[in-house]
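Listed here are the chains, written in short residue letters.
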Amino acid sequence: MRTLVNLDGSLVAPSEAKVSVFDRGFLYGDSVYEVIRTYGGRPFELRAHLDRLAHSAGRIALTPRWDADRARAEIDRTLAAARGAEAPDPEAAPWNRGERYIRVVMTRGAGEIGLDPALAVDPLAIVIVQPLSGPPARAYAEGVPAAIVGVRRASTKAVDPSAKTGAHLTHVLAVREARAAGAYEALLLDDAGFVTEGSSSNVFAVSAGRVLTPPLAAGILEGVTRAVVLRLARAAGLPVEEVALRPLDLETADELFITSTVREILPVTRLGDSRVGSGRPGPVTLRLHAAFREAATV
Ligand code: PDD
């Protein structure tokens with residue numbers, strides 16, 4: 001399979017996929033987006049992603065070029081055109097082999113330079129389809145290191161965290177800090193010191209058999225994977241609490257994991273310089289991931 005870009009309805013190769021330097025997505029991060037993945041070649045939880053795209057657009061008063069039906073049709077068309085064999089990756093987790101990563105981006109468009117959104121004249125719609133490269137099988141078997149970074153989540157008075165927008169500098173700097181500390185994912189606190197989410201994931205802790213995650217009111221993205229995991233945990237009869245968490249709650253947890261579309265449920269076995277629980281992926285994490293695997297299998 002190849003990487004293919006749908007640029008406003010035209011299917012083009014990555015080398016041809018160019019947008020104007022006057023596009024506000026480029027100049028200001030004035031855009032909304034979704035990351036979707038396939039199982040068995042079909043997009044997973046597509047409706048939830050398109051609903052969230054509409055929510056994000058509404059939160060920043062952006063009128064997308066395409067409505068949900070058109071977006072769905074263009075995603076299907078792009079996936080179909082990108083079909084083809086690819087070299088197998090021996091490191092890949094089995095559920096990531098041969099699958100697709102889909103990024104849908106809607107920008108407010110180009111226009112005369114200036115912050116006023118009324119200057120935008122040409123909203124742009126993009127679908128990028130490429131081979132999914134999720135975490136390797138080893139990351140699921142051993143877990144990954146995370147770090148609580150100094151970079152704070154932007155104030156919810158300034159930025160609405162429930163909108164998935166292209167303005168990502170906070171997350172970029174958070175990842176930079178985490179990687180410098182040898183960690184894979186950055187966990188961000190808010191100004192009051194409460195845990196919010198990862199740079200591109202939601203975070204869960206397991207303590208004394210309870211599954212804990214910050215509530216939406218903590219100022220986080222309502223992760224599609226988070227919602228699936230909460231549903232599965234409740235269906236499995238596990239006690240679940242959406243509750244404010246402090247760094248100490250993560251540091252003393254028996255298990256930690258992060259969730260996102262591309263990662264599913266990924267165990268976190270180190271937090272900063274310390275081991276999480278036994279230092280191995282924990283039983284509740286593994287049980288939830290097994291349930292997720294079943295739910296996602298088509
Ligand atoms: N990131 N929190 C943030 C800030 C995110 O950017 C993401 C997703 C999530 C998890 O959401 P979901 O389960 O719907 O993927 C939480 C995507 C994958 C990305 O930007 O690549």
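Residues numbered from 1 in each chain as written. Predicted model: local features only at pLDDT ≥ 70, side-chain atom pairs only at ≥ 80, totals over all residues. Heavy atoms only, no water.

## What about the overall build of the chain?
Okay, step 1: For the chain, the helix and strand inventory stands at eight helices and 15 strands.
Okay, step 2: Taken over the C-alpha trace, the chain has a radius of gyration of 19 Å; the compact-globule value for 298 residues is 19 Å, and the two agree within 12%.
Okay, step 3: With the C-alpha coordinates of the chain rotated into their principal frame, the extents come out at 55 × 45 × 35 Å.
Okay, step 4: Buried residues in the chain amount to 48% of all 298 residues.
Okay, step 5: Counting only contacts in the chain whose residues sit at least 6 apart along the sequence, the fraction spanning at least 24 positions is 72%.
Okay, step 6: With an accessible surface of roughly 13,900 Å², the chain has 55% of that area assigned to carbon and sulfur atoms.
Okay, step 7: Of note, the chain has its 35 positive side-chain charges centred 3 Å away from the centre of its 35 negative side-chain charges. (Helix = DSSP H or I, 4+ residues; strand = E, 2+ residues; numbered from the N terminus. Rg over C-alpha atoms; globule rule 2.2 N^0.38 Å. Buried < 20%, exposed > 50% of the residue type's maximum accessible area, 1.4 Å probe, protein only. Contact = heavy atoms within 4.5 Å. Areas by Shrake-Rupley, 256 points an atom, 1.4 Å probe, with all protein chains shown as cover. Lys, Arg positive; Asp, Glu negative; His and termini not counted. Charge placed at Lys NZ, Arg CZ, Asp CG, Glu CD.)

## Considerations on the site of the ligand
Okay, step 1: Around the ligand sit 18 residues, and of these Y33, E197, V224, T225 and T261 come closest.
Okay, step 2: For the ligand, an oxygen atom lies 2.8 Å from a polar atom in the side chain of Y33.
Okay, step 3: Within the complex, 92% of the 480 Å² of free accessible area of the ligand lies under protein.
Okay, step 4: Residue assignment for the shell around the ligand shows that the elements contributing at least two residues are β3 (31-39), β9 (195-198), α6 (224-235) and β13 (255-260).
Okay, step 5: Here the shell around the ligand spans two domains, and each of domain 1 (4-132) and domain 2 (138-297) adds at least three residues to it. (Near = heavy atom within 4 Å. Polar contact = N/O pair within 3.5 Å; in protein donor to acceptor, adjacent residues only side chain to side chain. Domains from an automatic or database assignment.)

## Considering the side chain of T213
Okay, step 1: Topologically, T213 is positioned in strand β11 (residues 210-213).
Okay, step 2: Looking at T213, its side chain comes within polar contact range of the main-chain oxygen of V203, at 2.6 Å.

## A look at helix α5 (residues 169-180)
Okay, step 1: Taking 1.5 Å as the rise per residue, α5 with twelve residues should run 16 Å; its terminal C-alpha atoms sit 17 Å apart, in good agreement.
Okay, step 2: Just downstream of α5, G182 is the residue with a positive phi angle, here 80°. (Expected span 1.5 Å × (residues − 1).)

## Considerations on the packing of α6 against helix α8 (residues 283-296)
Okay, step 1: In contact at an axis separation of 10 Å, α6 and α8 are set at 110° when each is read in the N-to-C sense. In terms of their interaxial angle, α6 and α8 are classed as roughly perpendicular. Touching T225, V228, V229, L232 and A233 of α6 are L288, A291, F292 and A295, all from α8. (Axes fitted to C-alpha atoms, helices over the stretch in contact; angles between N-to-C directions. Parallel < 35°, antiparallel > 145°, perpendicular 65-115°, else oblique.)

## Considerations on the pattern of salt bridges
Okay, step 1: One pass over the full model with this rule turns up 13 salt bridges.
Okay, step 2: The partner of R234 in a salt bridge is E242, with the nearest N and O atoms 3.2 Å apart.
Okay, step 3: Linked by salt bridges that have partners in common, R24, D30 and R108 make up one network. (Salt bridge = Lys/Arg side-chain N within 4 Å of Asp/Glu carboxyl O.)

## What about the packing of aromatic side chains?
Okay, step 1: Scanning all chains against the criterion turns up four aromatic pairs.
Okay, step 2: An angle of 70° between the planes, with centres 5.9 Å apart, marks the rings of F44 and F292 as edge-to-face. Of this pair, F44 sits in the loop between β4 (42-43) and α2 (46-59) while F292 sits in helix α8, and the two are 248 residues apart along the sequence. Neither F44 nor F292 differs from the other in exposure class; each is buried.
Okay, step 3: Judged by centre distance (4.8 Å) and plane angle (10°), the ring pair of F204 and F257 falls under stacked. With F204 in strand β10 (residues 202-207) and F257 in strand β13, the pair connects residues that are 53 residues apart, well separated along the chain.
Okay, step 4: Classification of F204 by relative accessible area gives buried; the value is 0%.
Okay, step 5: We note R37 situated over the ring of Y39; from NZ or CZ to the ring centre the distance is 3.8 Å. (Phe/Tyr/Trp six-rings, centres within 6.5 Å; stacked < 30°, edge-to-face > 60°. Lys NZ or Arg CZ within 6 Å of the ring centre and 35° of its normal.)

## Notes on the domain arrangement of the chain
Buried accessible area, meaning the area lost when the parts come together, often serves as the stated size of an interface.
Okay, step 1: Split into domains, the chain comes out as domain 1 (4-132) and domain 2 (138-297).
Okay, step 2: Look at where the C-alpha atoms of domain 1 and domain 2 centre, and you get two points 25 Å apart.
Okay, step 3: Counting from both sides, the interface comprises 23 residues of domain 1 and, opposite them, 23 residues of domain 2.
Okay, step 4: Taken together, both faces of the contact between domain 1 and domain 2 bury some 1,900 Å²; the carbon and sulfur share is 59%. (Buried area = accessible area lost by both parts, 1.4 Å probe.)

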